[in-house]
2 protein chains.
Amino acid sequence: MRLNQRSWGELAADKRAATLAKVPEAWRLRTTQHHSTFHLQILDQDEIAITSQNTTQTASTIEAGHLTAVQVTTAFCKRAAIAHQINNCLHEIFFDQAVERAKQLDAYFAQHKKPCGPLHGVPVSLKDQFHVKDIDTTMGYVGWIGSNLGIKHPEQSHSVESQITTELLGLGAVLYCKTSLPQTLLFGETKNNIIGETLNPHNQNLSCGGSSGGEGALQALGGSTLGVGTDIGGSVRIPAAFNGIFSIKPTPERVSYREVANTNPGQNTYRSTVGFLNTSLDGLELILRSILSTEPWLRDPAVVPIPFRNQIVDDFLSRAERDGTAKTTDKPLKLGILWTDGQVRPHPPVTRGLQMVVDAVKEAGHKVLRLSCSVYSLDVALHYIR
Amino acid sequence: MRLNQRSWGELAADKRAATLAKVPEAWRLRTTQHHSTFHLQILDQDEIAITSQNTTQTASTIEAGHLTAVQVTTAFCKRAAIAHQINNCLHEIFFDQAVERAKQLDAYFAQHKKPCGPLHGVPVSLKDQFHVKDIDTTMGYVGWIGSNLGIKHPEQSHSVESQITTELLGLGAVLYCKTSLPQTLLFGETKNNIIGETLNPHNQNLSCGGSSGGEGALQALGGSTLGVGTDIGGSVRIPAAFNGIFSIKPTPERVSYREVANTNPGQNTYRSTVGFLNTSLDGLELILRSILSTEPWLRDPAVVPIPFRNQIVDDFLSRAERDGTAKTTDKPLKLGILWTDGQVRPHPPVTRGLQMVVDAVKEAGHKVLRLSCSVYSLDVALHYIR
């Protein structure tokens, strides 16, 4: 039977099986019923310790020569394999490529006695919108299996690399897997016809969120500490909240979106933004600081040329160190909060959560103003209707 | 007869007459047939000299105490009045308000022995999208006569001020008139039902361009050296080219668009940008440098927080001074040019003009690359069709 005569269901099942087949036999779980101790079946104590570090600890342990990139990469590949078997959170697995890359990084370190960049040996997972050479980008579309974006010509496919992929590699990162997302994106859950559904590792009756849902689920299970996602209306923030990790959605055009797959190219009205997910807050600072240090605007004219503003962070840290607190009363921020747009209001538990944030921000010495819906973007509209 | 029973034609004629009535009798032209020596009927030699200076000369002459703000303002008001009588280039005239303001500036100068800002006493004309307190913003709509944006409630109308208006006043500018534009904007000529059509002062068989057409015509007749317009697809650049002056369309969100009237609020796909028109190149640098020195991003969160980058200009100037040329071969720029998108190409004279620019840029030591239509914004689209 010729390939193009097969049904979408068969094609999806084949892809699913091919991905799973990239998990070595020794890393297969004996049972996949939900259980919080799966990792004990596969990981030894060293690997558990390695995958329990956060991103900055991983980077500094490798920099100090206490761990090799191969040790770290192997441990995270194993744990990501376990996470995928429980939770269907991976679209692509390329552990071989990752270990090969880690060996090269270790050789660099042995020769130069220093890391090649701030992310030397740090495993980074990518949402399946980012192109990695030789690897599919399906975004969950059956029609894109075996290609990037459905381009199947052998000379054109698998040759693309997103700008941010290039930047991560230049900073020393190790890429090893791409994570699941909902078909067509712009959805707060993570389902598609290739991998099915990614559930919440804390409670598999619940969703892991979306659209960067695979990232959230993978990190909650310790299979990654640093992931790259995208966000228009919550696509890194929702999975971070649902899975108990951290995220940042930078302002659009702060980080390059060049050569990244998406559903609606040219839709610039509500712009999608490359964002980051991390198991700790300082990991988000590390990745933003590192990516901006490459001056991405020199390669992508859509990126606004603003470096990471160390001074703002340093001012804050030095004050905090000086005062022994995080209070910033000598240079407070002014923040606005919109409790309701006058038409709808959040459920009471959400309002309560927002109130906790407001209280914490005020406690830290900042000002919080209640915004009305006539402020800023709505003011022109109101000119017409008032 | 009640006002709201009058026809649109009568309302427009009344508005037209009311604007013209703000030109003092002594400044009325005896004939308005097209002629290049109209200004000699009204202006004395001093006023001709004042209005022949460019923006930076005006600023430095006032700063040196050689001219007062009142002298400069009066001269430009007179010459703008002449331009309007020839060319219908003004929507609003507020010379009284301007002279009052100039008197205050002179008092400040007398007291402090220094200017209040880099634009102290410099007359600035505004396209009729920018709100000035107590003045109409009609944008050429008959329905908006007597109001800003059609808001006619006496407590709400005429109280709005665009952020950039506030910034200009803070820098010391004198505002004295608002200039014509095509009804509904986004048009390369300048016609509306209130003032009719603004023609090209160099040849009244031709258009002055648009949509910031009134600015172009006014400056070509010496009635202003510095104007504020807006641009999506050429709206400051077309009038600058048609009238033989200079313009800059900054990158969107570099300058505040807050509280500026427009036709399609919320249309962010092709974003309109506040831009500047000037009779000389250094005037454009002065206005951009001055506006950015006010840190507009502190008041408008949509403005990208990038200051005027003196270093780039200073590097260039010091090299030019050192070498005695404008050659920049030690730090050349790389520029791209798209000769055709593969579907249409410009008329031969336009292509010849572009070739002149390419030759000049290369002669100055920069690199010019021929772009193909598969570069940058089109690359994703081509992924799908190739």
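Reading the values: rules and limits
- Residues numbered from 1 in each chain as written.
- Chains lettered and ligands numbered in written order.
- Predicted model: local features only at pLDDT ≥ 70, side-chain atom pairs only at ≥ 80, totals over all residues.
- Heavy atoms only, no water.
- UniProt positions renumbered as here; feature names shortened; annotations may be inferred.
- Helix = DSSP H or I, 4+ residues; strand = E, 2+ residues; numbered from the N terminus.
- Buried < 20%, exposed > 50% of the residue type's maximum accessible area, 1.4 Å probe, protein only.
- Contact = heavy atoms within 4.5 Å.
- Areas by Shrake-Rupley, 256 points an atom, 1.4 Å probe, with all protein chains shown as cover.
- Pairing = 2+ DSSP bridges.
- Axes fitted to C-alpha atoms, helices over the stretch in contact; angles between N-to-C directions.
- Domains from an automatic or database assignment.

If you look chain A up in an unreviewed UniProt entry, it shows as Amidase domain-containing protein from Apiospora phragmitis. Under the heading Sequence similarities (unreviewed entry), UniProt records this for chain A: "Belongs to the amidase family."

1. A word on the overall build of chain A
Along the backbone of chain A there are 13 helices and twelve strands. Across the 386 residues in chain A, those meeting the buried criterion constitute 47%. Considering only residue pairs separated by 6 or more positions, chain A has 70% of its internal contacts joining residues 24 or more positions apart. When the accessible surface of chain A is summed, it comes to about 18600 Å², and 55% of that surface belongs to carbon and sulfur atoms.

2. Focus: the pairing of strand β8 (residues 226-231) of chain B
All names here are of chain B. Buried residues dominate β8, accounting for six of its six residues. Residues Leu226, Val228 and Thr230 of β8 are buried on one face, and the alternating residues Gly227, Gly229 and Asp231, pointing to the opposite face, are buried as well. Pairing geometry for β8 and strand β10 (residues 273-278), over six bridges, is antiparallel. Bridge pairing in β10 links Val228 to Phe276.

3. Description of the sheet that holds strand β1 (residues 90-93) of chain B
Residue and element names in this part refer to chain B. In spatial order, the strands read β1-β3-β2-β8-β10-β9; together these six strands make up an open sheet with mixed pairing. Edge positions in the open sheet fall to β1 and β9 (246-248), since each of these has one partner strand only. On average, adjacent strands in this sheet sit at an angle of 30 degrees to one another, irrespective of strand direction. Contacts from helix α5 (residues 69-87) reach β1, β2 (123-127) and β3 (174-179) within the one sheet, and its direction differs from that of β3 by about 10 degrees.

4. Concerning the domain arrangement of chain A
According to the domain assignment, chain A consists of domain 1 (3-308) and domain 2 (326-386). Each of domain 1 of chain A and domain 2 of chain A has a C-alpha centre, and the two are 33 Å apart.

5. As for the sheet that holds strand β3 (residues 174-179) of chain A
Residue and element names in this part refer to chain A. Spatial ordering of the open sheet is given by β1-β3-β2-β8-β10-β9, a layout of six strands whose pairing is mixed. For this open sheet the edge positions go to β1 (90-93) and β9 (246-248), each flanked by a neighbour on one side alone. Neighbour-to-neighbour, the strand axes of this sheet turn through a mean angle of 30 degrees, independent of strand direction. Contacts from helix α10 (residues 281-293) reach β8 (226-231), β9 and β10 (273-278) within the one sheet, and its direction differs from that of β10 by about 140 degrees.

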